[in-house]
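Residues per chain are reported as follows:
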Amino acid sequence: MKHLREMVLVLTFTWIFWLSLSGRCFSQVQPRPPLGQQVPCFFIFGDSLVDNGNNNGILTLARANYRPYGIDFPGGATGRFTNGRTYVDALAQLLGFRTYIPPYSRARGLDLLRGANYASGAAGIRDETGNNLGGHTSLNQQVANFANTVQELRRFFRGNNDSLNSYLNRCLFFSGMGSNDYLNNYFMPDFYSTSSDYTAKAFASVLLRDYSRQLVQLYSLGARKVMVTAVGQIGCIPYQLARFHGNNSKCNEKINSAILLFNSGLKEMVQNFNSGQLPGAKFVFLDFYQSSQDLSLNATSFGFDVVDKGCCGVGRNNGQITCLPLQQPCENREKYLFWDAFHPTELANILLAKASYSSQSYTYPINIQQLATL
């Protein structure tokens, strides 16, 4: 993997050097992605579901750079909150990327031409979300970090904004936000006042207003092909199952109902963006709520035997505390839908990526493969 990355960087540098010798530059010639890679770059924004190491150097409880996290990943415990690949890792492979998109905390120079992952565990749409766990990079700061990236990329295009924008317009952007605004904000009344300040409907509206502004900022910075994800069925994750004692459902339907208000508003936002509100942009809504629900309901057909508890963790449903350092996880990871109290296993991530890449079952108005070819 390291050898491959070095080879790609050397080839890219050689190509830039040749252009400078011949009197040409990025402002005149658009670089093409390697053979088999469907888009030139991939930029990722989100929380612990897709964080791949940005929280490693932050003072926070939302960290995963220790075993058993990464037990099935070639690089070991990199900071990914699962046993192997995340959803965006699997998606990058489907898009033809030969190496994983690097975390922003380590991406430098030519690396940024392939994209960067800005996601941060515990992050939310709102800045205060996740403060109960310690430091994190909120979506506002992630967008600011991308603005810094655009400034850095401008050097490779000799300051030609039109050429840089043309390049970024062909890239894919992923944004998966909102889960923590509910789990580590609205439904944590001992730490936050939002549930007393807003009804569930009003809170969804406030979140969507802020999220719309943040996505428009990405658009202003060059994003044109953008995926946004619905919040998953978080009322049914092991963390909630460990705490909730319902009569008619084992899931916390109060949380699920609140999530659906946000998700329906997000889909409507995507429709508005695509209807001329953001000229030249194409947004795709990824229905993580429905796909995660279907994965659970049809678990046996995908080989999952356990859908209500984590492969590792502590307490009821392995959901009261996440995986402890050096804890021995379950042996058959492929049989578990959840890795820990909050996060899917690698296999679940791969299945979700495949379902949204080439099928339209959980994507609107087109799938990711179609978005990449636009």
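See the structure above.
No experiment lies behind these values; they were computed from the predicted model shown. (Residues numbered from 1 in each chain as written. Predicted model: local features only at pLDDT ≥ 70, side-chain atom pairs only at ≥ 80, totals over all residues. Heavy atoms only, no water.)

## Comments concerning the packing of helix α5 (residues 179-186) against helix α7 (residues 200-220)
Working step 1: Where α5 contacts α7, the two axes come as close as 12 Å, and the packing angle between them is 130°. As the angle between them shows, α5 and α7 are arranged oblique. Judged by the twist between their axes, the crossing of α5 over α7 is right-handed. Residues Asp181, Tyr182 and Tyr186 of α5 touch α7, and the partners they reach there are Ala200, Phe203, Ala204 and Leu207.
Working step 2: Taken together, the residues that form the contact of α5 with α7 break down as six nonpolar, no polar and one charged. (Axes fitted to C-alpha atoms, helices over the stretch in contact; angles between N-to-C directions. Helix = DSSP H or I, 4+ residues; strand = E, 2+ residues; numbered from the N terminus. Parallel < 35°, antiparallel > 145°, perpendicular 65-115°, else oblique. Left-handed = near helix turned anticlockwise from the far one by under 90°. Contact = heavy atoms within 4.5 Å. Nonpolar A, V, L, I, M, F, W, Y, C, P; charged D, E, K, R; others polar.)

## What about the pairing of strand β4 (residues 225-229)?
Working step 1: For β4, a buried count of five out of five residues is recorded, marking the element as mostly surrounded by other parts of the structure.
Working step 2: Because side chains alternate across β4, one face comprises the buried residues Lys225, Met227 and Thr229, and the other comprises Val226 and Val228, equally buried.
Working step 3: Note that strand β3 (residues 172-176) and β4 share four bridges and pair parallel. The residue of β4 that forms the bridge with Ser175 is Val228. (Buried < 20%, exposed > 50% of the residue type's maximum accessible area, 1.4 Å probe, protein only. Pairing = 2+ DSSP bridges.)

## What about the sheet that holds β3?
Working step 1: Overall, mixed pairing links the six strands, which are arranged β2-β1-β3-β4-β5-β8 in an open sheet. The open sheet has two free edges, formed respectively by β2 (115-117) and β8 (363-364), since each of these has just one partner strand.
Working step 2: With five bridges connecting them, β4 and strand β5 (residues 282-286) associate as parallel partners. When the sheet's bridge partners are listed, Val228 is paired in β5 with Phe285.
Working step 3: The strands touched by helix α3 (residues 139-156) are β1 (42-46) and β3; relative to β1, the strand with the most contacts, the crossing angle is about 160°.
Working step 4: Seen against the sheet, helix α9 (residues 253-277) touches β4, β5 and β8 and runs at an angle of roughly 160° to β5.

## Focus: the pairing of β1
Working step 1: Among the five residues that make up β1, five are buried, leaving the element largely enclosed by the rest of the structure.
Working step 2: Burial along β1 is two-sided: the face carrying Phe42, Ile44 and Gly46 and the face carrying Phe43 and Phe45 are both buried.
Working step 3: The sheet contact formed by β1 and β2 spans three bridges and is parallel. Across the sheet, Ile44 pairs through a bridge with Asn117, a residue of β2.
Working step 4: As for the winding sense of the linkage, the β-α-β connection from β1 through helix α2 (residues 87-94) to β2 is right-handed.
Working step 5: Here β1 pairs with β3 via five bridges, running parallel. Within β3, the position partnered with Phe45 by the bridge is Ser175. (Right-handed = clockwise from strand over helix to strand, strands pointing away.)

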